[in-house]
Amino acid sequence: MHTFTTLKMIHTLRYLFAILLINQIAYCQVKFLPTKDLETALKLAQSQHKLIFIQVEGDNCNQCNEVADKGLSGSLLTEKFDKHFVSFRAKSDTPFTEQLKEKYTLTAMPVSLFLDARGNLIHRFLGSNSADFIYAKEADIAISRKEDTPMDQLHSQFQKGDHRPSFLENYLDRLKQLKLPNTDVLNTFTGTLPVDSLSSPRIIKFVLENAPSLDSKPYLLLNAANSVDHGMEKLYRTIPYSEA
């Protein structure tokens, strides 16, 4: 009788421990909400006055996705993400993921996207990590940028003809920060500069940091402007070896 009671108590304790563990795991994580498209996510974010977090899973790397799941299950994230974000998961090979790939020029996954409630990209984190503090840090970066001029506003200004060098430099910095295409803006920036400014070390460094291809208009303009004084050598001397 004593043995039976003891075994029953052990089973009860195991059951209670399992329930406690499940509850703890359920609580200590980013809470992903269901959605089939970006429009639904935007409406929910706008109604709650929050930013958007989307974890886009990798197509051919289940291990990468599992690593991200572990990182996003940390207790460090629960309060931060509940307070500042509505969160969604985009499974591979779904219309939602295809929509995100096209809108945000996604070429590699997994990737974590941080958006404002209008759908403007404010930060992205490429890859996966099992450490929750990494995702907390990336979330903090996104939160710190929520008051920045929205990308759709910058794009609209550019399309309406705002080609001031100071504006274009700011726009290019934001595009580089978010890893978005910059060809049109970089072409416009170098095309509006006086020829003598293309020999300025600061301008040379800035243009090269925006990674123009060797046959691009900006690169050819720089090379032509500096060709008299060993152009190619001068161009690369302006950038530290670690940044080249």
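We now turn to the structure provided with this report. (Residues numbered from 1 in each chain as written. Predicted model: local features only at pLDDT ≥ 70, side-chain atom pairs only at ≥ 80, totals over all residues. Heavy atoms only, no water.)

**Structural notes on the pairing of strand β3 (residues 85–90)**
So, step 1. Burial analysis of β3 places 5 of its 6 residues in the buried class, the great majority of the element.
So, step 2. In this sheet, β3 lies alongside strand β1 (residues 32–33) in parallel orientation, the contact comprising 2 bridges. Pairing of L33 across the sheet is with F88, part of β3.
So, step 3. Inspection of the sheet shows strand β2 (residues 51–56) paired to β3 by 6 bridges, in the parallel sense. (Buried < 20%, exposed > 50% of the residue type's maximum accessible area, 1.4 Å probe, protein only. Helix = DSSP H or I, 4+ residues; strand = E, 2+ residues; numbered from the N terminus. Pairing = 2+ DSSP bridges.)

**A closer look at the pattern of salt bridges**
In a structure, side chains of opposite charge can pair up when their charged atoms sit close to one another.
So, step 1. In total, this model carries 11 salt bridges according to the counting rule given.
So, step 2. When the shortest N-O distance is used, the salt bridge between R89 and D69 registers 2.8 Å. Pair noted here: R89 is in strand β3 and D69 is in helix α3 (residues 62–71), with a separation of 20 residues, a long-range link.
So, step 3. K80 is paired through a salt bridge with D140; the nearest N and O atoms lie 2.8 Å apart. Remark: D140 occurs in helix α6 (residues 132–144) and K80 occurs in helix α4 (residues 75–84); sequence separation between them is 60 residues.
So, step 4. Overall, D140 belongs to the partly exposed group, its relative accessible area being 39%. (Salt bridge = Lys/Arg side-chain N within 4 Å of Asp/Glu carboxyl O.)

**Looking at the state of the cysteines**
So, step 1. Evaluation of the coordinates by the stated rule reveals 1 disulfide.
So, step 2. Disulfide partner of C61: C64, at an S-S distance of 2.0 Å. Sign of the S-S torsion, about 70° for the bond between C61 and C64, identifies this disulfide as right-handed.
So, step 3. Looking at C61, the relative accessible area reads 22%, which means it is partly exposed.
So, step 4. Residue C64 is classed as partly exposed on the basis of its relative accessible area of 24%. (Disulfide = S-S within 2.5 Å.)

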